[in-house]
Amino acid sequence: MNILAVILAAGFIMCFLFYQFMKSHVLSNISRAMQKQDYQQVRQLSEKKLYQKLMGAYVCDLYLLRALLNEDDGDGFKEYLMVVLDKPYTLEQRKEILDIYYYHFIFKKDQKWSAKLLKKIQETNDLKYIEYNTEAYEVMIEEKTDLLDDMIAGIENKKYSGLGLGIAVFMIGMQYLLLDDKENARTYFYNSLSCFSEKSFYYAKAKSYVDQLTDELGADSLNY
């Protein structure tokens, strides 16, 4: 009995190690294709059943969306984005996709698609999430500047947290920029940086505004 148990345990360990090896192998393949900007290969790999089984359909969809976007496949990307958002992924997974692509359209000033994704955001029924994303739409697309007092008060009262805090601070900076108050705009764009990962496009966007306003104001450079 002990020998049988050892054999079964060894077999289980070998299967587990083989599974982990294969998972690492396919992830390495698709990551390498992305780094080489071989988006056609990324699409082909992410659509394979083996890759979807080992990496998970959700991870494959993330790679596929990035490939379609980077290929500048406008209609194909948008069509598949809506397909992915209708899949039965968890709330957090859908929010991760929305966090990326909602702001892709927001920063491009694409009113039509920003509105489409805002509707998807509203379907999450997460009131805080809906609120700060709606504020972003009103500032970036509708160019409202009358949210300043409420948003500043919200930050002081710890109404926002995490990514929502960074976006709120960024949107305050944007409102000051729309009002041509470059000093305050630069300050808020700079303060938003601490809320974002340095590898994120939010960070890159905020930093570009800080650098631009620093030049326009003839001010001393800020530390990053």
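Residues numbered from 1 in each chain as written. Predicted model: local features only at pLDDT ≥ 70, side-chain atom pairs only at ≥ 80, totals over all residues. Heavy atoms only, no water.

Chemist: Would you mind going over the pattern of salt bridges in detail, with residue names and values included?
Modeler: Here the structure, examined in full by the defined rule, presents 12 salt bridges. The partner of Glu142 in a salt bridge is Lys144, with the nearest N and O atoms 3.7 Å apart. Assessed through its relative accessible area of 42%, Glu142 is described here as partly exposed. Residue classification places Lys144 among the partly exposed positions, given a relative accessible area of 30%. For the salt bridge of Asp211 with Lys207, the shortest nitrogen-to-oxygen distance reads 3.0 Å. Here Asp211 pairs with Lys207, and both are found in helix H12 (residues 201-217), just four residues apart, close to one helical turn. The partly exposed category is assigned to Asp211, whose relative accessible area is 29%. Its relative accessible area of 27% is what places Lys207 among the partly exposed residues. Taken together, the shared-partner salt bridges connect Asp86, Lys120 and Glu123 into one network. (Salt bridge = Lys/Arg side-chain N within 4 Å of Asp/Glu carboxyl O. Buried < 20%, exposed > 50% of the residue type's maximum accessible area, 1.4 Å probe, protein only. Helix = DSSP H or I, 4+ residues; strand = E, 2+ residues; numbered from the N terminus.)

Chemist: If you had to explain unusual backbone geometry to someone new, which residues and values would you point to?
Modeler: At Glu143, a residue that is not glycine, the phi angle is positive and equals roughly 55°. For Glu143, the location among the structural elements is in the loop between helix H8 (127-140) and helix H9 (148-156). Taking the relative accessible area as the measure of exposure, Glu143 reaches 46% and is therefore partly exposed.

Chemist: Before we move on, could you go through the nonpolar core and cite the residues and values that matter?
Modeler: One finds Leu81, Ile97, Tyr103, Phe170 and Met171 to be the most contacted residues of the largest nonpolar core, which totals 55 residues. The next biggest cluster of nonpolar side chains, apart from the first, holds 11 residues, and it includes Tyr39, Leu45, Tyr51 and Ala67. (Core = buried A, V, L, I, M, F, W, Y, C linked by side-chain atoms within 4.5 Å.)

Chemist: Quick one: what's the story with the packing of aromatic side chains, residue by residue and with numbers?
Modeler: Counted under the stated rule, the structure contains 16 aromatic pairs. An aromatic cluster of at least three residues, connected via ring pairs, comprises Tyr102, Tyr103, Phe107, Phe170, Phe189, Phe196, Phe201, Tyr202 and Tyr209. Sitting over the face of the ring of Tyr129, Lys95 holds its NZ or CZ atom 4.6 Å from the ring centroid. For Lys116, the ring lying beneath its charged end belongs to Trp113, and the centroid distance is 5.1 Å. (Phe/Tyr/Trp six-rings, centres within 6.5 Å; stacked < 30°, edge-to-face > 60°. Lys NZ or Arg CZ within 6 Å of the ring centre and 35° of its normal.)

Chemist: Mind laying out the UniProt feature "transmembrane region" (unreviewed entry) in the protein, listing which residues take part and the relevant values?
Modeler: On the UniProt side, "transmembrane region" (unreviewed entry) is annotated at positions that read residues 6-22 and 160-179 here. Spanning residues 160-179, this segment combines 85% helix with 0% strand, and its end C-alpha atoms are found 23 Å apart. (UniProt positions renumbered as here; feature names shortened; annotations may be inferred.)

Chemist: Explain the packing of helix H7 (residues 111-122) against H8 to me, and be specific about the residues and the numbers.
Modeler: Close contact between H7 and H8 brings their axes to 10 Å; oriented N to C, the two are set at 170°. When the interaxial angle is binned, H7 and H8 end up roughly antiparallel. For the pair H7 and H8, contact is made by Gln111, Ser114, Ala115, Leu118, Ile121 and Gln122 and by Tyr129, Ile130, Asn133, Thr134 and Tyr137, respectively. Considered class by class, the residues forming the contact of H7 with H8 number six nonpolar, five polar and no charged. (Axes fitted to C-alpha atoms, helices over the stretch in contact; angles between N-to-C directions. Parallel < 35°, antiparallel > 145°, perpendicular 65-115°, else oblique. Contact = heavy atoms within 4.5 Å. Nonpolar A, V, L, I, M, F, W, Y, C, P; charged D, E, K, R; others polar.)

Chemist: Requested: an account of the environment of Gln111, with residues and values cited.
Modeler: As for its placement among the helices and strands, Gln111 is situated in helix H7. Between the alpha carbons of Gln111 and Glu142 there is a distance of 8.7 Å; along the sequence they are 31 residues apart. Not counting residues up to four positions away in its chain, the partners in contact with Gln111 are Tyr137 and Ile141.

Chemist: Which residues make up the packing of helix H6 (residues 91-107) against H7, and what are the values?
Modeler: Direction vectors running N to C along H6 and H7 enclose 150°, while the axes themselves pass 8 Å from each other. When the axis of H6 is compared with that of H7, the two are roughly antiparallel. As for how H6 packs across H7, the hand of that crossing is left-handed. Each of Leu98, Tyr101, Tyr102, Phe105 and Ile106 in H6 lies in contact with H7, whose residues at this interface are Trp113, Ser114, Leu117, Leu118, Lys120 and Ile121. Within the contact of H6 with H7, the residues separate by chemical class into nine nonpolar, one polar and one charged. (Left-handed = near helix turned anticlockwise from the far one by under 90°.)

Chemist: Talk me through the side chain of Gln175; I want residue IDs and the actual numbers.
Modeler: Assignment of secondary structure puts Gln175 in helix H10 (residues 162-178). Given the relative accessible area of 0%, Gln175 is considered buried. With residues near it in sequence (within four places) discarded, Gln175 still touches Val139, Lys144, Thr145, Asp146, Leu147, Leu148 and Met151.

Chemist: Which residues make up the side chain of Ser114, and what values go with them?
Modeler: Within the secondary structure, Ser114 sits in helix H7. Within the structure, Ser114 has its side chain in polar contact with the backbone oxygen of Phe105 (distance 3.4 Å). The residues touching Ser114, leaving out its near neighbours within four places in the chain, are Tyr102, Phe105, Ile106, Tyr137 and Ile141. (Polar contact = N/O pair within 3.5 Å; in protein donor to acceptor, adjacent residues only side chain to side chain.)

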